[in-house]
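Observations on chain architecture
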There are 2 protein chains.
Amino acid sequence: MTSTERGEAQPLRPTKQRTAVVEALAAFDDFRSAQEIHELIGRAGSNVGLATVYRTLQKLSEVGEVDMLRTEDGEAIYRRCSATHHHHLVCRSCGATVEVEGPTVERWTRSIASEHGYADISHTLEIFGTCPACR
Amino acid sequence: MTSTERGEAQPLRPTKQRTAVVEALAAFDDFRSAQEIHELIGRAGSNVGLATVYRTLQKLSEVGEVDMLRTEDGEAIYRRCSATHHHHLVCRSCGATVEVEGPTVERWTRSIASEHGYADISHTLEIFGTCPACR
DNA sequence: GACGAGTTGACAATGATTCTCAACTGACCT
DNA sequence: AGGTCAGTTGAGAATCATTGTCAACTCGTC
Ligand SMILES: [Zn+2]
Ligand SMILES: [Zn+2]
Ligand SMILES: [Zn+2]
Ligand SMILES: [Zn+2]
């Protein structure tokens, strides 16, 4: 019997391609698509398969290392983020992103939910606008 | 020069297929995909092209007649909704949806945004949970 | 009843994401 | 150093929602 009995998240094996993805993620500050990230990695010298980039990004977001959200037209975009629960204020034109948090909304969603008898709550909240630099 | 100079929303011409879509929308209370709706229309006797269903749904959501949101895997789903600004409390297992609203979040997002100098604000907020019936 | 912009539908095309599967790797043991 | 094996990778095929194409059709208007 191995030591990894429990179905919990196993530690991802560190490979050069995973490292490449993580490094790529460290290089920008806004949300990018898997394809753009794949592109960046290529430009940076490494060569990682597109499928691998998708797989890695997916795993990283499961683990909470990155946040994933969807563009207006449904494309998934990713960003390396802090581990604590938070939301995003995203510039519609340049993509500049600010992590925001506050007990207000958390409290509000929780009370609204229980008020209607819903349990096991989760929520998504993103704010879009035009940043100062893009006025 | 015509009377429809401004790029604003022209009134949609009432056709039998648009009617069919609207009727289909009236028949359920949760969010459904364009394909499911197309399916429903077919089952109900009418016969409307899938592309038309997509186009109609898109227009209706532009006009605010229906709300559109995205499933976890990026698929667009639609629901006939009230015209006023609101958010959704959706049951993760049966899809039962409640429209919710409140000045709290509206105010919060607005203040957070201006606090960071962002203008021209919009936001998305959805709450997921398990409804009383699905406990 | 004719006219023209708006609308439709069958089908092709696009494009992001996932699947397949044989070859490769990292961690561990002898 | 060599062996073992589950985890990982990559090239390309496969999926699948959504959009584009374009000739035929339709509604409201004159
Ligand atoms: Zn984040
Ligand atoms: Zn900006
Ligand atoms: Zn709604
Ligand atoms: Zn339910």
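Residues numbered from 1 in each chain as written. Chains lettered and ligands numbered in written order. Predicted model: local features only at pLDDT ≥ 70, side-chain atom pairs only at ≥ 80, totals over all residues. Heavy atoms only, no water.

The name an unreviewed UniProt entry assigns to chain A is Transcriptional repressor, from the organism Nocardioides guangzhouensis. As its UniProt record puts it under Sequence similarities (unreviewed entry), chain A is described as follows: "Belongs to the Fur family." What UniProt states about chain A under its Subcellular location (unreviewed entry) heading is, verbatim, "Cytoplasm". (UniProt positions renumbered as here; feature names shortened; annotations may be inferred.)

Attention now goes to the protein's contact with DNA strand D. In the region of DNA strand D, 18 residues are neighbours, and A:Thr15, A:Arg18, A:Thr52, A:Arg55 and B:Tyr54 sit closest. One of the side-chain N or O atoms of A:Thr15 is found 2.8 Å from a phosphate oxygen in DNA strand D. Elements with a minimum of two residues in the surface near DNA strand D: helix 1 (16-26) and helix 3 (50-63) of chain A together with helix 3 (50-63) of chain B. The element best represented in the surface near DNA strand D is helix 3 of chain B, accounting for four residues. Looking at the surface near DNA strand D residue by residue, the classes come out as four nonpolar, seven polar and seven charged. (Near = heavy atom within 4 Å. Polar contact = N/O pair within 3.5 Å; in protein donor to acceptor, adjacent residues only side chain to side chain. Helix = DSSP H or I, 4+ residues; strand = E, 2+ residues; numbered from the N terminus. Nonpolar A, V, L, I, M, F, W, Y, C, P; charged D, E, K, R; others polar.)

Quick look at the side chain of A:His87 now. Residue and element names in this part refer to chain A. One can find His87 in strand 4 (residues 87-91). A residue is classified by how much of its surface remains accessible, and His87, at 3% relative accessible area, is buried. A distance of 3.1 Å separates polar atoms of two side chains, one belonging to His87 and the other to Glu106. From its side chain, His87 meets the backbone oxygen of Leu125 in a polar contact 3.2 Å long. Discounting residues that sit within four places of it in the chain, His87 has contacts with Val98, Glu99, Val100, Glu106, His123, Leu125 and Glu126. (Buried < 20%, exposed > 50% of the residue type's maximum accessible area, 1.4 Å probe, protein only. Contact = heavy atoms within 4.5 Å.)

What follows concerns the coordination of the zinc ion (ligand 2). All names here are of chain A. Coordination of the zinc ion (ligand 2) by the protein involves Cys91 (SG), Cys94 (SG), Cys131 (SG) and Cys134 (SG), with metal-donor separations of 2.2 to 2.4 Å. If you look at the zinc ion (ligand 2), its four donor atoms make angles of 103 to 115 degrees with each other, and the shape they trace is tetrahedral. Ordering the donors of the zinc ion (ligand 2) by residue number gives the pattern C-x2-C-x36-C-x2-C. Taken together, the positions of Cys91 in strand 4 and Cys131 in the segment after strand 6 (119-130) put the pair 40 residues apart, joining distant regions of the chain. A relative accessible area of 2% places Cys91 in the buried class. (Donors = N, O, S within 2.8 Å, 3.2 Å for Na, K, Ca; no water. Tetrahedral: all angles 85-135°; square planar, octahedral: opposite > 155°, others 65-115°.)

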